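Here's the letter readout for the chains.
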Amino acid sequence: MRLFPSLYGWVSERLDVTPLVYLVKKKSVPAHRHSLWYYTGGMTLFFFGVQVATGILLLLYYRPSAEAAYESVQFIMTEVKFGWLIRSLHSWSANLMIGAIFVHMFSAFFMKAYRKPRELTWFSGAFLLFLSLAFGFSGYLLPWNKLAYFATKVGTDIASQVPVLGHSILVFLRGGEEVSGATLTRFFGFHVAILPAAATFLLLLHLLLVQVQGMSVPPALEKNPNAKSIPFFPNFLLRDLLGWLLALLLLVVLASIFPWELGEKADPLAPAPAGIKPEWYFVFMFQTLKLLPAEIWFIPGELAGIAAFTLGGVLLFLVPLLDKNPTGRWGRWISRLGWMVAAYIVAFTILGYLWPAAK
Amino acid sequence: MASEGTEKKTRREFLNFILGGGFTALFGAVFYPVLRFVMPPAKSEAFGGSVSAARIGELPPNSGKIFPLGESPGLLVHTAEGEYKAFSAVCTHLSCTVQYRPDLGHIWCACHNGHYDLTGKNVAGPPPRPLTEYPVTLSGDNVIVSPSRGA
Ligand code: HEM
Ligand code: FES
């Protein structure tokens, strides 16, 4: 190809791109028995890309109001060519993305990739995890169906239990005292403007840091004298691409064999249906709140639960500052704690699905 | 010299103070309206008047109906004994909408299996407080619920 060199020449006469080329050429990715986890971030990135692409397509037909939202999604699914597929892809990829980001976070945690100098990478990543949960929570309401309506009612009500500020938070989230069309408009704004803008910024920062600092090697393997590595370009990138192809395959299979359902339209004058559950990634918290006694000592059980999860989120964010001596005794305890948290999340998620439905 | 130095310093401090104060004021002038903007205006107080919740004869004994009570849902119960009772339909646990269960003869919340008796008292499950009861009057053809009069 003659086109590429001449294009490159044209650009480099106007903008010095050698540092960029150098960065890409120089970068290598360590190869060891835990290398597989290095692909989880790219996987999350892939699903995010799918979300942006399908989300923008959905915007062409979606209408954010209590009167029209459900009908517009129905229209997407029944009239628009491949509308069912685009919506199903957006819903499935949302779930896969959240699954991927959890795996990615835990892998970075157990490989202690947050050690100096990568604290900022961890902070931006933890923030992205919270943003993803917010994406899921706000998107869930958009089709304006019964399950989402009541799940949002419950979710926002939980937020209102925060001392002092609780009621203001509730009114801010709902756009009023009740979940209504005003809530839908707000959630739409969060979902398609505020969250994408914030996520894009943090993602660029996160990726820039990763490119500049390179991949960290877990402490146990760091001192290995014959450590191997592979070039980032093209070797690692090609493997990433292979992973993305497999992810696309999985996504398309899921989206077409199990098209996402729409359910019944939300009706503020209907009783709540049985079996209200938040999306699976909130189930472990929800199940915990359900099992807490009404009062712990003198604090209402729910409040204690919310406080504990908030504290958990803050601690997660601060991990790089807490783990001062990653290979010492304290560092090993932090890893053990991580395993316990992971086990807790898995156990309570499963419990949430097995718990007998209300009679 | 020394006095000139300190004078310069205080002048710089003064200018920094003005600059900092100016930016703080600007910041406040920008963010205060934004903060007020994102909090929706309160609807002209909680619903005050009376509503016709149902027509007489619409509800057979031992059944219930949800009706709009301003912004939020209310629950009208026609008891098996033929009495009308009205409550807020917002569960005191996490604000799901409750319903009347004819098979149990009392009020039930499906979200986390909360039960209330026909005085609104929370009798089982997670709800921490009773449902607010509202006075009901019969007027002509209508079952009238009047939250403003208190129970
Ligand atoms: C720029 C990015 C995005 C845009 C423009 C966008 C746009 C939309 C729109 C218009 C809808 C309503 C249509 C529908 O409900 O089918 C929707 C729903 C939804 N979105 Fe997004 N979205 C974006 C990113 C994301 C991300 C990153 C996630 C999750 C991690 C996500 C999760 C969801 C979910 C769970 C729904 C509900 C799906 C359903 O039940 O139909 N979205 N989104
Ligand atoms: S919301 Fe009614 S029992 Fe939880």
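Going by the structure above, here's the rest.
A brief look at the structure comes next. (Residues numbered from 1 in each chain as written. Chains lettered and ligands numbered in written order. Predicted model: local features only at pLDDT ≥ 70, side-chain atom pairs only at ≥ 80, totals over all residues. Heavy atoms only, no water.)

Okay, the layout of surface pockets next. Residue and element names in this part refer to chain A. The volume enclosed by the second largest pocket comes to roughly 1,200 Å³. Around the second largest pocket sit 45 residues that line it, and His90, Ser91, Gly139, Tyr140 and Pro143 are the ones nearest its centre. The set of elements that each furnish at least two residues to the lining of the second largest pocket consists of α3 (39-59), α4 (69-78), α5 (83-110), α6 (119-141), α7 (146-159), α9 (181-213) and α12 (280-291). Each residue belonging to the lining of the second largest pocket can be placed in one class, and the counts come to 27 nonpolar, 12 polar and six charged. (1 Å grid on protein atoms, 1.4 Å probe; cavity = no way out; pocket = protein on both sides within 12 Å on 5 of 7 lines; lining within 4 Å. Points joined across faces, edges and corners; volume = space filled by probe spheres on them. Helix = DSSP H or I, 4+ residues; strand = E, 2+ residues; numbered from the N terminus. Nonpolar A, V, L, I, M, F, W, Y, C, P; charged D, E, K, R; others polar.)

Our next topic: the packing of α5 of chain A against helix α14 (residues 329-354) of chain A. All names here are of chain A. Relative to each other, α5 and α14 sit at 160°, their axes nearing to 10 Å. Taken together, the axis directions place α5 and α14 in an arrangement best described as roughly antiparallel. At the point where α5 passes α14, the crossing takes the left-handed sense. In this structure, α5 contributes Phe106, Phe109 and Phe110 to the contact, and α14 contributes Ile334, Ser335, Gly338, Trp339, Val341, Ala342 and Ile345. For the contact of α5 with α14, the per-class residue count stands at eight nonpolar, two polar and no charged. (Axes fitted to C-alpha atoms, helices over the stretch in contact; angles between N-to-C directions. Parallel < 35°, antiparallel > 145°, perpendicular 65-115°, else oblique. Left-handed = near helix turned anticlockwise from the far one by under 90°. Contact = heavy atoms within 4.5 Å.)

Turning to the nonpolar core, a few remarks are in order. The biggest cluster of nonpolar side chains holds 86 residues, and the ones touching the most others in it are Phe47, Phe102, Trp122 and Trp144 of chain A together with Val98 and Ile107 of chain B. Per-element tally for this core: the top contributor is α5 of chain A, with 13 residues. Residue contacts for Trp122 of chain A: discarding those within four places in its chain leaves Met105, Ala108, Phe109, Tyr114, Leu316, Phe317, Val319 and Pro320 of chain A. Listed in part, the 12 residues of the second largest apolar core include Leu59, Leu69, Val143 and Val145 of chain B. (Core = buried A, V, L, I, M, F, W, Y, C linked by side-chain atoms within 4.5 Å. Buried < 20%, exposed > 50% of the residue type's maximum accessible area, 1.4 Å probe, protein only.)

Residues and elements named next belong to chain A. Residues in close proximity to ligand 1 total 23 residues, the closest being Gln51, Arg87, His90, Gly139 and His191. Contacts to ligand 1 include Arg87, whose side-chain N or O atom sits 2.6 Å from an oxygen atom. Side-chain polar atom of His191 to a nitrogen atom of ligand 1: 2.8 Å apart, as the coordinates give it. Among the cavities detected, the one that contains ligand 1 is the second largest pocket. Among the secondary structure elements, those contributing two or more residues to the shell around ligand 1 are α3, α5, α6 and α9. Here the shell around ligand 1 gets seven residues from one element, more than from any other, and that element is α3. (Near = heavy atom within 4 Å. Polar contact = N/O pair within 3.5 Å; in protein donor to acceptor, adjacent residues only side chain to side chain. Sits in = over half its atoms within 2 Å of the grid points.)

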